[in-house]
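Residues per chain, in single letters:
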Amino acid sequence: MFRSRHSSKRERIWGFYILMLYTNPLSCLANFSQAKELIYKIKEGLPKGTFIGAIGVDLHLDFTVEPPFLFSLTQKKVTEQYVNINNTTGELYTSTAEIDRETLCPYSSEEHGCFLSLDVFVLPQQYFQLVKVKLLIEDVNDNRPKFPTDEICMFVPENTPVNARFAVEQSAVDPDLGIYGVQTYWLVNDFGVFTLDVEENDGGELTPFLIVTDFLDRETQDEYVTDIIAEDGGTPPLLGAATLKIAITDVNDNCPKFTESQINVTLHGNTSKGAHLAHLHAFDPDLGANAQISYAYSERVPRDTRSLFHLDKITGRIKLARKIDSVTATFYKLTALANGPGCIPAVATITIYVSKVVTGPPAVIPRYIAPEKDGVVTLKESEPAFSPIAFFTIKNMDKNQKVDCYLEGSGPFNLVPYQQLENEYLLETTETLDYETTQGYELIVVANNTQGQVLKTFLKVQVLDENDNAPVFQQSLVEISIEENNSPNIFLTQLQASDPDSESRGEVIYILGGDTPGIFVLDRLTGVLTVATSLDREEKEKYRFIVRAVDQGTPRRESIATVVVTVLDRNDNSPRFINKDFTFFVPENFPGYGEIGVLSVTDADAGKNGWVALSIINGSDIFMIDTGRGALRAKTSLDREQQGTYNLWIEAADGGEPALSSVTMVTVLLLDVNDNPPIVLFPQSNQSYMLLLPSTTPGTSIAEVYAVDKDTGMNAVIAYSIIKRKGGEPGSFAIDPETGNITLKRELNNRGLYSLLVKVSDHGQPEPLYSTVMVNFFVNETVSNESYIHSLLTREIDIEIEEKPWYVGQMTDGPERYELFPCRPVLIALSVACLGLFSLVVMLTTYICCKRFKKIRKKSSEVEVPLKMKNGSTHFLNRKLRTMSHI
């Protein structure tokens, strides 16, 4: 009592000691006679060399003193098994042996803890002190739950009501503490008739209870074998297992039945006393006392007959009780009963025919080589052919009588004389036996002599089963089809393999092969195959793996079957265009039904669900599309000047039911082709003229040729040049190649009509297109006779070729010099810039071009209208012309 109280007091003040150590550091001159106490916490199972604590540092020792401190452990044989100390620094480390809390403190609880006490000397003598060190060993989850026995047997009556509870007394033990101890129990297989519950007693111990959840029938299944699992609370949890055998005990719910209800026996008149005549056999599927059967004759059998034929009430064997009188009796009919507890007896009829035989039958003495008991010989089915079973010796035979010995009954057996010995016969097999074909044979060894004397010896051969058959699957290749997007844990199939061997040798379990994806689950006992997740054909269409069927014999035999799971397609994917939208550039005047471009579309589904048909939602009167290949074509040649951009909506629909579809936009941009020559808007015709005063000074702009081109780009850039003339000296007129402005270069001395043939050409490729117009000047102060001028214009006149056309180079005649294309570098730079921007913002450029095309058409219409007006509207052009007249 004193020690316990002292220990409790010391536990309460150890923290105070530690606090004093930290708050009152020791000097080298302090008094060390008082013992100090230190406590360190470590986990069990730490490897060698793990740092525990520094005693010198925790004692606040001054390590600068001379001589230096020395530290040593007392009881080194014990302490150094677990810890080592650095003699100069006082640092503690784990030693070679790992500390096992369960070994060190086998009976400690979580409340009291597990301590390893050490005594440390601080030396030399002038610094001496005794330091009490306690190591608090903390528990880790290093032990699995363990059952006291590997096999737990429980007995449950077959008439047990549902929800009945049976305690599993052999509960598991886990030496770890607290949460690391046993937390729960569960069954690997509950067979659909059991479950497991756990109860905690006042001491905190868990006891598993087996609960019956369905009705039991011992005659259907008399034993259930599974594994009971104990699980602790570690992370991850550790498991302990034991085999749980649940034996279903019998209740008397069945009655005996004879295997044969009619038995015929032929008995020779000289049969000796005690001869075996017949063997009754009745079967009761119950067990123990409930299956005990007793045999008896019916009261209808006369007493003297019962005394003549002895019936063993336990074995059911009928033997001859005394010599029979074959003279007076030749026929007996016996009625036998099979009695069971609380049952109506089963009835069998035995008919015995007595045949007369003369005295002196041969005596047949059997000597068994194979194991034999009560006339039943047991042979393993693995025995080779021609294995000996028994010798039969015929004795007490008259030498003058010839004996014939032969075998009656079917089976692979043969009775032959043994070598040269007389009256010795050997019974042997003629081929290997097969338990799965026949489990037993009944043979009769018959010996007779020349006088017709007969003796029969009955022999039963029972074949012992061995594990000589591997399980056989009903199908070696199992093909399963399942639609994708199935619900999880759906049933796929039930694999079935049979093993004709008996008992555990014929019990089959099913195991998935190592190549099986983790999504498939196979019940080991029933062979039911399920898939745990939803399948996606587009992810994987076919799964192939093997399943093993293994029996429980020794050695185990197995066979394999291949399972092929095909995932059938469902229309769960819409067609997808490879691009969000498509843009095709096509030169105008592209021939009709020519291929503009191809729209690529895919559908991840298969079969009809993956067939894609394309159709045009709008613009089908102009365009068409190949539904299969996706080639877009125009039915007619397209003219950019009529419409430069087409926006089409294309739909892709698959062949599923219902069909899924998607839509994309296709933009067709027409590229300009130089197919339009410039149109001269002014002068209006070759018959128009302008009045030019003789006093007009050189350098004066006297007229302007104005033309437009419906094309775009360089195809619409217009150049003007004078190619022929009439009147005036060479170089009298000059025309600006860009603006078409005609300038007078020399003074005109002669009055009359001057004519210039002007060529208006674009810059198109591969060849530029052009138009010509006649520009006429009437040099005079006034117009007095217009009919005369008209006659001059309609008269065929010769036009002289101008010396230098616009494209030769620079015009040097006159006071000024004009370059042919003074803005050519600017045009080239702009063209390069436009090409660069075009590749980045093609859609924006197309939109702007379309707007410009519309403006040009509008402007063209506005220009053409004044040229068709009457003379009253000529003021519209006076800003460009100095003088203008119309014919």
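Just above, that's the structure.
Residues numbered from 1 in each chain as written. Predicted model: local features only at pLDDT ≥ 70, side-chain atom pairs only at ≥ 80, totals over all residues. Heavy atoms only, no water.

Novice: Looking at this structure, how should I read the sheet that holds strand S31 (residues 440-449)?
Specialist: Pairing between sheet strands relies on hydrogen bonds along the backbone, with the strands arranged either parallel or antiparallel. An order of S25-S26-S32-S31-S28 is seen for the five strands of this open sheet, with the pairing classed as mixed. Bordering the open sheet on either side are strand S25 (372-373) and strand S28 (403-408), each of which pairs with just one other strand. In the sheet, S31 pairs with strand S32 (residues 454-464) via nine bridges, with the strands oriented antiparallel. In the sheet register, Ile 444 faces S32, and the bridge partner there is Phe 458. (Pairing = 2+ DSSP bridges. Helix = DSSP H or I, 4+ residues; strand = E, 2+ residues; numbered from the N terminus.)

Novice: For this particular structure, what's the right way to read the environment of Asp 499?
Specialist: Tracing the sequence through the fold places Asp 499 in the loop between strand S36 (497-498) and strand S37 (508-512). Assessed through its relative accessible area of 9%, Asp 499 is described here as buried. Leave out the neighbours within four places in its chain, and Asp 499 touches Asn 467, Asn 469, Ala 470, Pro 471, Arg 505, Gly 506, Val 508 and Asp 551. Polar side-chain contacts of Asp 499 include one of 3.0 Å to the backbone nitrogen of Asp 501. (Buried < 20%, exposed > 50% of the residue type's maximum accessible area, 1.4 Å probe, protein only. Contact = heavy atoms within 4.5 Å. Polar contact = N/O pair within 3.5 Å; in protein donor to acceptor, adjacent residues only side chain to side chain.)

Novice: Which parts of the structure should I look at to understand the packing of aromatic side chains?
Specialist: Centre distance and the angle of the planes are the two values used to describe a pair of aromatic rings. Summed over all chains, the structure comprises 20 aromatic pairs. Measuring from centroid to centroid gives 5.5 Å for Phe 733 and Phe 777, while their planes differ by 5 degrees, and the two rings are stacked. Residue Phe 733 is found in strand S56 (residues 733-735), and its partner Phe 777 is found in strand S59 (residues 770-779); the two are separated by 44 residues along the sequence. Phe 777 shares its class with Phe 733; the two are buried. Here a set of aromatic residues connected by ring pairs shows up, and it is made of Phe 63, Phe 69, Phe 71 and Tyr 127. In this structure, Lys 134 packs its charged tip against the face of Phe 115, placed 5.4 Å from the ring centre. The ring of Tyr 770 is capped by Lys 759, whose NZ or CZ atom sits 4.4 Å from the centre of that ring. (Phe/Tyr/Trp six-rings, centres within 6.5 Å; stacked < 30°, edge-to-face > 60°. Lys NZ or Arg CZ within 6 Å of the ring centre and 35° of its normal.)

Novice: Explanation requested: unusual backbone geometry in the structure shown.
Specialist: Among all residues except glycine, the phi angle is most often negative; among peptide bonds, the trans geometry is most common. Omega for the bond connecting Thr 235 with Pro 236 falls within 30 degrees of zero, at 0 degrees, which places this linkage in the cis form. Within the secondary structure, Pro 236 is located in the loop between strand S13 (223-232) and strand S14 (239-249). For the bond from Glu 657 to Pro 658, the omega torsion is -5 degrees, close enough to zero to count as cis. Tracing the sequence through the fold places Pro 658 in the loop between strand S49 (645-654) and strand S50 (661-671). Phi is positive for Asn 489, which is not a glycine, with a value near 60 degrees. Assignment of secondary structure puts Asn 489 in the loop between strand S34 (477-483) and strand S35 (490-494). Owing to a relative accessible area of 55%, Asn 489 belongs among the exposed residues under this scheme.

Novice: What should I look at first to understand the pattern of salt bridges in this one?
Specialist: Two side chains bearing opposite charge may form a pair once their charged atoms approach each other closely. Applying the stated criterion across every chain, the model contains 22 salt bridges. Lys 132 is the salt-bridge partner of Asp 119, the closest N and O atoms lying 3.1 Å from each other. In this pair, Asp 119 is assigned in strand S6 (residues 114-123) and Lys 132 in strand S7 (residues 129-138), connecting sequence segments 13 residues apart. Judged by relative accessible area, Asp 119 falls into the partly exposed class, the value being 24%. With a shortest N-O distance of 2.9 Å, Asp 569 and Arg 537 are connected by a salt bridge. Separated by 32 residues along the polypeptide, Asp 569 in the loop between strand S41 (558-568) and strand S42 (576-577) and Arg 537 in the loop between strand S39 (528-531) and strand S40 (542-551) bring together distant segments of the chain. (Salt bridge = Lys/Arg side-chain N within 4 Å of Asp/Glu carboxyl O.)

Novice: Whenever I open this one, a nonpolar patch on the surface confuses me. Can you help?
Specialist: Side chains of Trp 186, Val 188 and Leu 239 sit close together on the surface and give an oily, nonpolar patch of about 260 Å² of accessible area. Mapped onto the fold, Val 188 is located in the loop between strand S10 (182-187) and strand S11 (194-200). (Patch = residues over 30% accessible without salt bridge, like charges linked within 9 Å, V, L, I, M, F, W, Y side chains within 5 Å. Areas by Shrake-Rupley, 256 points an atom, 1.4 Å probe, with all protein chains shown as cover.)

Novice: Sorry if this is basic, but what is going on with helix H6 (residues 786-794) here?
Specialist: Side chains three or four residues apart in an α-helix point the same way, a direct result of the helix having 3.6 residues per turn. Three or more residues of H6 are buried, namely Ile 789, Leu 792 and Leu 793. Relative to the axis of H6, the buried residues are bounded by an arc of 100 degrees and lie together on one face. Along its buried surface, H6 packs onto strand S52 (689-692), strand S58 (752-762) and S59. (Arc of directions from axis to C-beta.)

Novice: So what exactly am I meant to see when it comes to the state of the cysteines here?
Specialist: What is meant by a disulfide is a covalent connection between two cysteines, made through their sulfur atoms. Enumeration over the complete set of coordinates arrives at two disulfides. Shown here is the disulfide that connects Cys 105 with Cys 114, its sulfur atoms set 1.9 Å apart. An S-S torsion of about 70 degrees defines the bridge between Cys 105 and Cys 114 as right-handed. For Cys 105, a relative accessible area of 13% gives the class buried. (Disulfide = S-S within 2.5 Å.)

Novice: What am I meant to see in the sheet that holds S34 here?
Specialist: The strand order across the open sheet formed by four strands is S34-S41-S40-S37, and the pairing between neighbours is mixed. The two strands at the open ends of the sheet, each matched to only one other strand, are S34 and S37. For this sheet, the mean inter-axis angle between neighbouring strands, taken without regard to orientation, is 25 degrees. (Axes fitted to C-alpha atoms, helices over the stretch in contact; angles between N-to-C directions.)

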